[in-house]
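Coordinate analysis (summary)
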Amino acid sequence: MKFHSLIIGAVFAGASLGAFAQAPASSPIVIKFSHVVAADTPKGKGAEKFKELAEAATKGKVKIEVYANSVLYKDKEEMEALQLGAVQMLAPSLAKFGPLGVKEFEVFDLPYIFPDRAALEKVENGPVGAMLFKKLEGKGIRGLAYWDNGFKVMSANKPIHLPDDFKGLKMRIQSSKVLEAQMRALNSLPQVLAFSEVYQALQTGVVDGTENPPSNLYTQKMNEVQKYVAVSNHGYLGYAVIVNKKFWDELPADIRTALEGAMKEATKYTNDIAETENKDALAKVKATGKTQVYDLTAAETAAWKKVLLPVQEEMKSRIGKDTVEAVQKETGVLK
Ligand code: LMR
């Protein structure tokens, strides 16, 4: 997306909100909700659920247009588009806020930082989650909710059971210094690529492997071009549902309240289905019989942890010691 088309989008978006203020009650407010994954994922289904609930709650006064699979913007561009007002709502992965300058969000990318989903929810719904959303305000962004996806698996075209197996592999990552450090700790070569480019990059050998929650791996058909999956659960991938702050603040109060209610319900729905969606996706990858899905043994997991846990310490200076330790305390790792 070129800069000038973002500007044009922003002008249109601004015009449509301005128009609403004077227009007859019958012309709906349009909220463009853009995201990069398939419709058949926890985030994709959550976006559709929000659309259904929000349109019903506002009785046609708001129209939600959901754009899945990067049809409007690739990952980096969608954040710019939101800030300019060309789209009103996004649900980027939490890793996407580091490059925006809010490095504290990268705490979510740290390997093995969350022992389970309960620990994760405690952090998102507690003071750390609130503090992170507060930091977005200065960027013209309002955080509405945290949406789950899941714990990540690793994939490649050779078996990857132990850290040594990663040596020299080119591994696709999101743009995150923490994920970069994680891949370097495994002696692999991290390569930043937009999500929409990963399938082709794997197919053509631009990269050898990647990490994903199973729902993303399967719905992008990455398993077609990856012979081996290691169920490592070494890190987490989830989202923040965000809106353009100015747009949101200028909505009529009753509309905003109705949308907040719809978001609350859509969040519960998404977070309730996330684990099952990922289990089902992994089962589907297995069922193809073409990709070997390998569960790490306890000894192998211990070897991964030995190599990856030091990344938590190493990245404290970047993410902020307070943030990392606040998460470690909430999850019970640090007393
Ligand atoms: C990725 O780039 O791997 C993820 O951010 C995709 C997503 O939104 O789940």
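This write-up is about the structure you can find in this document. Within each chain, residue numbers correspond to sequence positions counted from 1 in written order. This being a predicted model, a pLDDT of at least 70 is required before a residue's local features are given, and a value of 80 or more before pairs of side-chain atoms are given or counted; all residues contribute to the totals for chains, interfaces and linings. The side-chain quantities take in all heavy atoms of the structure and omit both hydrogens and water.

**Remarks on the pairing of strand E9 (residues 228–231)**
In the case of a regular strand, side chains alternate between the two sheet surfaces. Our working rule: In this analysis, strands are considered paired if DSSP registers two or more bridges between them. Counting from the N terminus, the helices are the DSSP runs of H or I reaching at least four residues and the strands are the DSSP runs of E reaching at least two.
The pairing of strand E5 (residues 153–156) with E9 spans three bridges and is classified as antiparallel. By the bridge assignment for E9, Met 154 is matched with Ala 230. Here E9 runs beside strand E11 (residues 292–295); their pairing, made up of four bridges, is parallel. Paired with Tyr 228 across the two strands is Gln 292, which belongs to E11.

**A look at the environment of Gly 168**
We apply this condition: Buried, partly exposed and exposed residues are distinguished by accessible area as a fraction of the type maximum, computed with a 1.4 Å probe on protein chains only: under 20%, between the cut-offs, and over 50%, respectively. Here, residues are in contact when the closest pair of their heavy atoms is within 4.5 Å.
Within the element layout of this structure, Gly 168 appears in the loop between E5 and strand E6 (170–173). Classification of Gly 168 by relative accessible area gives partly exposed; the value is 43%. Those residues in contact with Gly 168 that lie beyond four places of it in its chain are Asn 187, Ser 188, Leu 189 and Asp 208.

**What about the packing of aromatic side chains?**
Our working rule: Stacked, tilted and edge-to-face are the three classes applied to pairs of Phe, Tyr and Trp rings, where Trp contributes its six-membered ring and a pair requires centres within 6.5 Å; stacked means planes under 30 degrees apart, edge-to-face means over 60, and tilted covers the rest. For a ring to carry a charge above it, either NZ of a lysine or CZ of an arginine must fall within 6 Å of the ring centroid while also lying within 35 degrees of the normal to the ring plane.
One pass over the structure, following the stated rule, counts eight aromatic pairs. Between Phe 108 and Tyr 146, the aromatic rings sit 6.2 Å apart at their centres with planes inclined by 35 degrees, giving tilted as the arrangement. Residue Phe 108 is found in the loop between strand E3 (89–90) and helix H4 (117–124), and its partner Tyr 146 is found in strand E4 (residues 141–151); the two are separated by 38 residues along the sequence. Across the pair, Tyr 146 and Phe 108 agree in class, each one buried. Both rings, one in Phe 166 and one in Trp 304, keep their centres 5.3 Å apart while their planes meet at 90 degrees; by these two values the pair is edge-to-face. Within this pair, whereas Phe 166 is found in the loop between E5 and E6, its partner Trp 304 is found in helix H11 (residues 298–308), the two being separated by 138 residues in sequence. Judged by its relative accessible area of 0%, Trp 304 falls in the buried class. Members of the aromatic cluster, connected to one another through ring pairs, are Phe 108, Phe 114, Phe 133, Tyr 146, Phe 151 and Tyr 236. Looking at Lys 49, its charged tip hangs above the ring of Tyr 269, at a distance of 4.8 Å from the centre.

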